[in-house]
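# Results of the structural survey
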Amino acid sequence: MKRLFHRKWLALAGVAVLAVIICAMGGCFAKGDKGDKVRDLDFTVVAEGDIPSELQQIIAQKQQSPFKLTYSDDQNLYIAVGFGQQAGGGYSIAVNQLYLTENSIVLDTELLGPEKGENTGSENSYPVIVI
């Protein structure tokens, strides 16, 4: 009898933990609201030669998979977005929106594929934009 009670208690505890995890995850994903736009932000796409060397090293480590990161030095805030490994070349990245909310900066980017008929080569590429 004692053994049966112990198993029921473990099962109940497991269900309770699972419920807490599901609720916590639901709360995180329910906050998909980006917030109200305060104002648009001006930006410049940074040329590859002007990217700080430390940021270049970080990008090189992360470029295999999609990523988003920020980096700041004494003067500038850099926002980098990478789309991971792509078959061939000819990809570009469009910045659809960059704006400030009360609590965050929102950046919306889009990976654009090569033009039809464009020779993309056989080597993989790693599209990245730094603004």
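Every chain is numbered independently, its residues counted from 1 as its sequence is written. Only residues with pLDDT of at least 70 get local features here, since the model is predicted, and only at 80 or more are side-chain atom pairs given and counted; chain-wide, interface and lining totals rely on the full set of residues. With hydrogens and water set aside, each side-chain value is computed from the structure's full complement of heavy atoms.

Within a beta sheet, neighbouring strands are joined by backbone hydrogen bonds and run either parallel or antiparallel to one another. The pairing criterion is simple: DSSP has to find at least two bridges between the two strands. Numbering of helices and strands runs from the N terminus, with a helix taken as a DSSP run of H or I at least four residues long and a strand as a DSSP run of E at least two residues long. Taking strand neighbours across the sheet as the criterion, the three strands line up as E2-E3-E6 in an open arrangement whose pairing is antiparallel. Strands with a single pairing partner mark the edges of an open sheet, and in this sheet they are strand E2 (66–72) and strand E6 (128–130). Sheet twist, expressed as the average angle between the axes of neighbouring strands with direction ignored, equals 10°. Pairing analysis gives three bridges linking strand E3 (residues 77–83) to E6, with the strands arranged antiparallel. Bridge pairing links Gly82 to Val128 in E6. Contacts were defined at the residue level, with two residues in contact if any of their heavy atoms lie within 4.5 Å. Helix axes use the C-alpha atoms of the stretch in contact, all axes being lines fitted to C-alpha atoms, and the angles between their N-to-C directions lie in the range 0 to 180 degrees. Along the sheet, helix H2 (residues 53–62) makes contact with E2, E3 and E6, crossing E2 at roughly 165°.

Once that is clear, we can look at the sheet that holds strand E4 (residues 92–100). Strand order in the open sheet formed by three strands is E1-E4-E5, and the pairing between neighbours is antiparallel. Edge positions in the sheet fall to strand E1 (39–40) and strand E5 (105–112), since each has one partner strand and no second.

This next bit is on the environment of Asp36. With respect to the secondary-structure elements, Asp36 resides in the loop between helix H1 (2–30) and E1. Each C-alpha atom of the pair Asp36 and Asn103 lies 9.5 Å from the other, and the pair is 67 residues apart in sequence.

Every regular strand shows the same layout, with side chains that alternate between the two sheet faces. With eight bridges joining them, E4 and E5 adopt antiparallel strand pairing. Bridging across to E5, Ile93 finds its partner in Leu111. Remark: four residues form the turn of the hairpin made by E4 and E5, two consecutive strands paired antiparallel.

Bringing the side chain of Thr109 into the picture now. Take Thr109: it is sitting in strand E5. We call a residue buried when its accessible area falls under 20% of the maximum for its residue type, exposed when it is over 50%, and partly exposed in between, using a 1.4 Å probe and counting protein chains only. Its relative accessible area of 16% is what places Thr109 among the buried residues.

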